[in-house]
Amino acid sequence: MTELSMRKATKAAFHEMEPQVVSPDGKAKTWITRGGNFAICYTEVEPGAVLERTNNPEEYMVILPPDGTAATIEAGGESVEAGEDSLTIVPPGPSRITAKVKGTIACIYSKASSDIMALASNAASYADGAPELAPPDLWPAPHDGFKLRHYPLAQYADPNGERIQPRVFRSTNMLVNIFAHYRTRRDTTALSPHWHDDFEQASLTLNGTWIHHLRYNWGADLANWWPDDHGEMSTPSVIIIPARAVHTSRDLGEDGPESSLYDIFCPPRLDFASKKGFVINENEYPLPEGATDREVKTGGTLLNWQKPG
Ligand SMILES: [Fe+2]
């Protein structure tokens, strides 16, 4: 990849900025950060807080981290009692999340939720419409129709397993990788600097201290060169990594305290989705037509789990 990134990364450390939305009852404070095709909404809730969508156009994802958060999630005439450390895919249409305890909730919406996209703290960064990105491609509807899909996540993590344990889920409009939380810090001799040609990556970090190393390509004009970024980020925070920028992330500090990182891609990543057995809920959603003759859109130094199947 030799083309230039068309924007710098957005780095949003939530406790260093005001929330974009505070509910009228003050029970929900939400920080909204967008990419070209998605918005990450991080909400701190008090018991009884309600997050409601009157008619969301597409599916969205709800992550309850393993911090004790619990919520009732209602949509499509159904309801789930979502506990901490869970993912729920919410169908299009009206839906409601009611927090049962104090905690945090991350909701990921696609570009189709234009009201949310407009509220993002970094909306100005995308005023050009992000022409470098592949268009947000809606994948085929689930085999058994749209409905609430709920996944408790602890069963997909082995406390004695590998340090890096990807846990990947997809819907019609996005793919999330909710890595099992880390109790040891990343080996600095085994990093994975890589780039994505025509899609962005959000990395949401709720625990620990992180560096998202970033390098932007050079062009002919020295005045437009951007320096490498090795800045530390506190948590909770999110970074939106632009297409074409080389990136790799590592957590800092002593082994022991927990760190966490969740990656979000919108539309779903075909290289991950077409890797048999890699996406945990792959049997629920058909792949798009032509999924086998895919072009590789990611390059650089990759770990085995990141490589196409
Ligand atoms: Fe990446």
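Structural data are supplied above this passage.
An account of the accompanying structure is given in this report. Note that the coordinates shown come from a computational prediction; the quantities given were computed from them, not determined experimentally. (Residues numbered from 1 in each chain as written. Predicted model: local features only at pLDDT ≥ 70, side-chain atom pairs only at ≥ 80, totals over all residues. Heavy atoms only, no water.)

1. A few points about the overall build of the chain
Rule in force here: Helix and strand assignments follow DSSP, with helices taken as H or I runs no shorter than four residues and strands as E runs no shorter than two, numbered in order from the N terminus. All radius of gyration figures rest on C-alpha atoms, and the globule criterion is 2.2 Å times the number of residues raised to 0.38. With a 1.4 Å probe rolled over the protein chains alone, any residue whose accessible area is under 20% of its type maximum counts as buried; one over 50% counts as exposed, and the rest are partly exposed. Two residues qualify as a contact provided that any one of their heavy atoms is within 4.5 Å of a heavy atom in the partner residue.
When you go through the chain residue by residue, the secondary structure sums to 2 helices and 22 strands. Its C-alpha radius of gyration of 19 Å places the chain within 12% of the 19 Å reference for a compact globule of 309 residues. By principal-axis analysis of the C-alpha atoms, the chain measures approximately 55 × 45 × 45 Å. Residues counted as buried form 52% of the 309 residues belonging to the chain. For the chain, the proportion of contacts with a sequence separation of at least 24, taken over those separated by at least 6, is 77%.

2. Describing the sheet that holds strand E16 (residues 201-205)
Here is the rule we go by: For two strands to pair, DSSP has to find at least two bridges joining them. Helix axes use the C-alpha atoms of the stretch in contact, all axes being lines fitted to C-alpha atoms, and the angles between their N-to-C directions lie in the range 0 to 180 degrees.
Reading across from one edge, E1-E19-E16-E21-E14-E13 is the order of the 6 strands in this open sheet, with antiparallel pairing throughout. On the outer flanks of this sheet lie strand E1 (10-13) and strand E13 (168-170), each paired with one strand and no other. The mean angle between the axes of side-by-side strands here comes to 15 degrees, regardless of whether they run parallel or antiparallel. Of the pairings in the sheet, the one linking E16 to strand E19 (residues 237-241) comprises 5 bridges and is antiparallel in character. From the neighbouring strand, Ala202 faces E19, where its bridge partner is Ile240.

3. Brief notes about the packing of aromatic side chains
Working definition: an aromatic ring pair is given by the centre-to-centre distance plus the angle between the planes. Note the following rule: Classification of ring pairs rests on two measures: the distance between centres of Phe, Tyr or Trp rings, Trp counted by its six-membered ring, which must be within 6.5 Å, and the angle between planes, read as stacked under 30 degrees, edge-to-face over 60 and tilted in between.
Per the counting criterion, the structure on display carries 16 aromatic pairs. A ring pair is formed by Phe265 and Phe272, whose centres lie 6.3 Å apart and whose planes are at 90 degrees; its orientation type is edge-to-face. Phe265 gets classed as buried once you look at its relative accessible area, which sits at 2%. The exposure class assigned to Phe272 is buried, which follows from its relative accessible area of 2%.

4. Brief notes about the layout of surface pockets
Our working rule: A cavity here means a set of 1 Å grid points, computed over protein atoms only, where a 1.4 Å probe fits but cannot escape. A pocket is an open set with protein on both sides within 12 Å along at least 5 of 7 lines, and lining residues have an atom within 4 Å of a point. Grid points are joined across faces, edges and corners, and a volume is the space filled by probe spheres set on the points. Ten residues, namely Ala, Val, Leu, Ile, Met, Phe, Trp, Tyr, Cys and Pro, are considered nonpolar, four, namely Asp, Glu, Lys and Arg, are considered charged, and the remaining ones, Gly among them, are considered polar.
By volume, the largest pocket amounts to about 460 Å³. In terms of lining, the largest pocket is formed by 25 residues, of which the most central are Ala134, Asp198, Pro268, Leu270 and Lys297. Counted by class, the lining of the largest pocket contains 13 nonpolar, 3 polar and 9 charged residues.

5. Focus: the pairing of strand E20 (residues 246-251)
Across the 6 residues of E20, 5 count as buried, placing the element largely inside the fold. Across 6 bridges, the pairing between strand E17 (residues 210-215) and E20 is antiparallel. When the sheet's bridge partners are listed, His212 is paired in E20 with Ser249.

6. Observations regarding the sheet that holds strand E5 (residues 50-56)
Taken in spatial order, the 4 strands of this open sheet run E5-E10-E7-E8, and their pairing is antiparallel. In this open sheet, the two strands that pair with only one neighbour each are E5 and strand E8 (78-82). Within this sheet the neighbouring strands show an average axis-to-axis angle of 10 degrees, counted without direction. Of the strand pairs in this sheet, strand E7 (residues 71-75) and E8 are connected by 5 bridges, and their pairing is antiparallel. Among the inter-strand pairings, Glu74 is bridged to a residue of E8, identified as Ser79.

7. A short note on a nonpolar patch on the surface
What counts here: Patches here are clusters of residues that have more than 30% relative accessible area and form no salt bridge, with a 9 Å joining cutoff for like charges and a 5 Å cutoff for nonpolar side chains (Val, Leu, Ile, Met, Phe, Trp, Tyr). We get accessible surface area from the Shrake-Rupley algorithm with a probe of 1.4 Å; when it comes to residues, only the shown protein chains can shield them. Here, a salt bridge means any Lys or Arg side-chain nitrogen found within 4 Å of an Asp or Glu carboxyl oxygen.
The grouping of Trp218, Leu222 and Trp225 at the surface amounts to a nonpolar patch, some 370 Å² of accessible area in total. Counting through the fold element by element, Leu222 comes out in the loop between E17 and strand E18 (232-233). Judged by relative accessible area, which is 59%, Leu222 ranks as exposed.

8. With respect to the pattern of salt bridges
Scanning the model with the defined rule gives 18 salt bridges in all. Asp128 is the salt-bridge partner of Arg7, the closest N and O atoms lying 2.9 Å from each other. Residue Arg7 is located in the segment before E1, and its partner Asp128 is located in the loop between helix H1 (114-119) and strand E12 (149-152); the two are separated by 121 residues in the primary sequence. Classification of Arg7 as buried rests on a relative accessible area of 5%. Notably, a salt bridge pairs Glu284 with Arg149, separated by 2.7 Å at the nearest N-O pair. With Glu284 in the loop between helix H2 (270-273) and strand E22 (298-300) and Arg149 in strand E12, this pair connects stretches of sequence that are 135 residues apart. We classify Glu284 as partly exposed; its relative accessible area is 23%.

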